[in-house]
Amino acid sequence: MNDTYLNFVNSPFGARLVRSLGLPKPEVLRRYRADRPEFDGLLAVGAGREPHLLDTLAGVIARTGFTSVAHESAGLWVPLATRHGLMTGRFEPVEGGAPGRVAALVFDASGIENNAQLDSAYGFFHDSLRSLEKCGRIVVLGRPPEACATPRQWTAQRALEGLTRSLGKEARRGITANLLYVAPGAEDALEASLRFFLSPRSAYVSGQVVRIAAAKPSTTAAPFAWTQPLAGKRAVVTGAARGIGAAIAEALAAEGAHVIGVDIPSAHAALDTTMQHLSGNCAGNGAGNGTGSGSGTALAFDIAAPEAPAQIAAALDELGVDIIVHNAGITRDKTIARMSEAAWHSVIDINLSAQERIDEALLAAGILRDGGRIVCVSSISGIAGNLGQTNYATSKAGVIGRVESMAPLLRERGITINAVAPGFIETQMTAKIPLALREAGRRMNSMSQGGQPADVAQAIAWLAHPGSAGVTGQVVRVCGQSLIGA
Ligand SMILES: NC(=O)c1ccc[n+]([C@@H]2O[C@H](COP(=O)([O-])OP(=O)(O)OC[C@H]3O[C@@H](n4cnc5c(N)ncnc54)[C@H](O)[C@@H]3O)[C@@H](O)[C@H]2O)c1
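Residues numbered from 1 in each chain as written. Predicted model: local features only at pLDDT ≥ 70, side-chain atom pairs only at ≥ 80, totals over all residues. Heavy atoms only, no water.

Enquirer: So what exactly am I meant to see when it comes to the overall build of the protein here?
Expert: Within the protein, the regular secondary structure consists of 16 helices and 14 strands. Once the C-alpha set of the protein is aligned to its principal axes, its extents read approximately 65 × 60 × 45 Å. For the protein, buried positions account for 56% of its 486 residues. Restricting the contact set of the protein to residue pairs at least 6 apart, pairs at least 24 apart contribute 76%. Element-wise, carbon and sulfur atoms account for 56% of the exposed surface of the protein, whose accessible area totals about 19700 Å². Between the centroid of the 44 positive side chains of the protein and the centroid of its 42 negative side chains there is a distance of 6 Å. (Helix = DSSP H or I, 4+ residues; strand = E, 2+ residues; numbered from the N terminus. Buried < 20%, exposed > 50% of the residue type's maximum accessible area, 1.4 Å probe, protein only. Contact = heavy atoms within 4.5 Å. Areas by Shrake-Rupley, 256 points an atom, 1.4 Å probe, with all protein chains shown as cover. Lys, Arg positive; Asp, Glu negative; His and termini not counted. Charge placed at Lys NZ, Arg CZ, Asp CG, Glu CD.)

Below you can see the structure in the form of structure tokens.
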């Protein structure tokens, strides 16, 4: 869908006008494109006392295209960077900042044990934030507070959430800020997540806290290529005919997966077109990819029909499946006093209960393979609630409950289950919202704009990645750091 205000303020005349009127100016976000380098430019590294993750970070930087510079707080960085063969230098704060110089800021706070040591984070961001370019990335690395040995350490690590979320709100200019809590022993499981949060793929994900645990050794992902990590994998995507579902299918196919797209019989023609497009050359649209080698198969089922789980299981049976994305969803908005029982029931059934029935069928028959991935689409309405959406918010909060309750049960099989909670995403679903509410939804976030289906799709591709085995039981908002439910 078209965001007229965003286009206007980024025209020469519009930019002058909004400056003179003091209006917000949303940045045109830099999104992933296969024909542009994913990682390049300067990455400034800072650290709090005796950091544990610099070695891992150096390895990741050596395998991507960044050049690193060290802030004085990262004393250990220079010998480490030298050992990893990284070009390196000192980060020199310039009086008044040097806008546009640095592509990413990474602060390793994993060694911080008490509040006084948080001063190093102040020093790093005080010196470097203004040097960050438009659409730059901020990643803070810490230890999960609940894994800390002392209350003081727990307190200081927990404090990083406030720091990171505030950085996202202060930085603006399309900059994202996210916090990764890496459990002791999970250092090797960090790379896929670190890449995602440093990449243009996470353009609309900000203010998020992600916990990375050690993956079970027996289920650690088999070797994969970073360019086609889903090669050889099979993925089911529900609601794949259009909108976010079509973008998910495209993103997973671009990573090499064979996608089985499911949608209602009346959307069969659109579903066929989406799947044929994947089976062609994946010439990118919303997901911004143009090189996918994946392919697609269309299944026209109503996921809420009683026979649907058996039908999907039968269609997948012989070859099994590695990834399930529960994306199909509907709204039937009315305040609860005016809502019909049918509107209540259909939303709960399609958005929530159908997911349970399909997963039960595929798990019981072993069709979802060990080491598999389940990704559910929730909503910030499921976190915050919303006027006129008691049915929808109930269903989307229930999705979060599914993720939380199933993650420990699936851990033994190396299967992860996570949810993404989109904010305002430009699709046919949100095009139906009355104009004033639609404008409010678009602007009430740190990016001052709505997200694209590809933003949700890229977050799902990260959670489906073989390198994301340490991420489970979590809800990641794709909302541009929306104020709603924050
Ligand atoms: N667009 C947003 O801003 C937004 C925000 C938060 C969450 N979401 C969620 O993202 C998901 C996709 O939303 P969208 O905006 O792309 O919606 P959409 O209406 O454009 O697409 C939904 C797709 O699901 C399919 N579908 C609906 N009921 C089905 C059923 N019973 N069986 C099979 N397929 C069915 C539809 O035919 C359609 O192709 C939904 O779960 C929605 O709740 C969207």
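Enquirer: Looking at this model, I keep getting lost on the packing of aromatic side chains. Mind explaining?
Expert: Under the counting rule described, the total for this entry stands at eight aromatic pairs. Ring centres of F107 and F125 lie 5.8 Å apart, and the angle between their planes is 50°; this geometry places the pair in the tilted category. With F107 in strand β4 (residues 102-108) and F125 in helix α5 (residues 119-128), this pair connects stretches of sequence that are 18 residues apart. Here F107 falls in the buried class, since its relative accessible area comes to 0%. Arranged with centres 4.9 Å apart and planes meeting at 65°, the rings of F124 and F125 form a pair that is edge-to-face. Residue classification places F124 among the buried positions, given a relative accessible area of 0%. The rings of F107, F124 and F125 are connected pair by pair, giving a single aromatic cluster. Over the aromatic face of W226 sits the side chain of R195, whose NZ or CZ is 4.0 Å from the ring centroid. When the ring centre of Y32 is taken as origin, the NZ or CZ atom of R201, which lies over that ring, is 3.8 Å away. (Phe/Tyr/Trp six-rings, centres within 6.5 Å; stacked < 30°, edge-to-face > 60°. Lys NZ or Arg CZ within 6 Å of the ring centre and 35° of its normal.)

Enquirer: So what exactly am I meant to see when it comes to the packing of helix α11 (residues 341-364) against helix α13 (residues 390-411) here?
Expert: Packed helices, taken two at a time, are described by the angle between their axes plus the distance between the axes. It is at 7 Å that the axes of α11 and α13 come closest, and there the two elements cross at 15°. In this view, α11 runs roughly parallel relative to α13, as classed from their interaxial angle. α11 and α13 meet at a crossing whose hand is right-handed. Residues A343, W344, V347, I348, N351, L352, Q355, E356, D359 and L363 of α11 touch α13, and the partners they reach there are T390, N391, Y392, T394, S395, K396, G398, V399, R402, M406 and L410. Class assignment of the residues belonging to the contact of α11 with α13 gives a composition of 10 nonpolar, seven polar and four charged. (Axes fitted to C-alpha atoms, helices over the stretch in contact; angles between N-to-C directions. Parallel < 35°, antiparallel > 145°, perpendicular 65-115°, else oblique. Left-handed = near helix turned anticlockwise from the far one by under 90°. Nonpolar A, V, L, I, M, F, W, Y, C, P; charged D, E, K, R; others polar.)

Enquirer: What should I look at first to understand the pattern of salt bridges in this one?
Expert: Note that side chains of opposite charge can pair when their charged atoms are close. This model, assessed by the stated rule, comprises 18 salt bridges. With a closest N to O distance of 2.7 Å, R211 and E146 form a salt bridge. One end of the pair, R211, is in strand β7 (residues 209-212); the other, E146, is in the loop between β5 (132-142) and α6 (151-171), with 65 residues separating them in the sequence. The shortest N-O distance in the salt bridge between R357 and D349 comes to 3.1 Å. (Salt bridge = Lys/Arg side-chain N within 4 Å of Asp/Glu carboxyl O.)

Enquirer: What is the right way to look at the sheet that holds strand β12 (residues 368-377) in this model?
Expert: Sheet architecture is open: seven strands sit in the order β10-β9-β8-β11-β12-β13-β14, paired in parallel fashion. Looking along the sheet, the strands with just one partner apiece sit at the ends: β10 (295-300) and β14 (475-478). Direction aside, neighbouring strands of the sheet carry axes that sit 20° apart on average. By the bridge criterion, six bridges tie strand β9 (residues 258-263) to β10 in an arrangement that is parallel. Within the sheet, the bridge partner assigned to G261 lies in β10 and is A298. Across the face of the sheet, helix α16 (residues 453-464) comes into contact with β11 (321-326), β12, β13 (416-422) and β14 while running at roughly 165° to β13. (Pairing = 2+ DSSP bridges.)

Enquirer: Could you clarify how one ought to interpret the environment of T64 in this entry?
Expert: As for its placement among the helices and strands, T64 is situated in the loop between α3 (54-63) and β2 (66-70). Residue classification places T64 among the buried residues on the basis of a relative accessible area of 14%. Between the C-alpha atom of T64 and that of F39, which follows or precedes it by 25 residues, the distance is 6.1 Å.

Enquirer: Help me out: how do you make sense of the site of the ligand in this one?
Expert: Near the ligand, the surroundings consist of 27 residues, among which R242, D263, N327, Y392 and T427 are the closest. Here an oxygen atom of the ligand sits 2.7 Å away from a polar atom, N or O, in the main chain of N327. Burial of the ligand by the protein chains amounts to 94% of its free accessible area of 830 Å². Broken down by secondary-structure element, the contributors of at least two residues to the shell around the ligand are α8 (243-254), α13 and α14 (428-431). (Near = heavy atom within 4 Å. Polar contact = N/O pair within 3.5 Å; in protein donor to acceptor, adjacent residues only side chain to side chain.)

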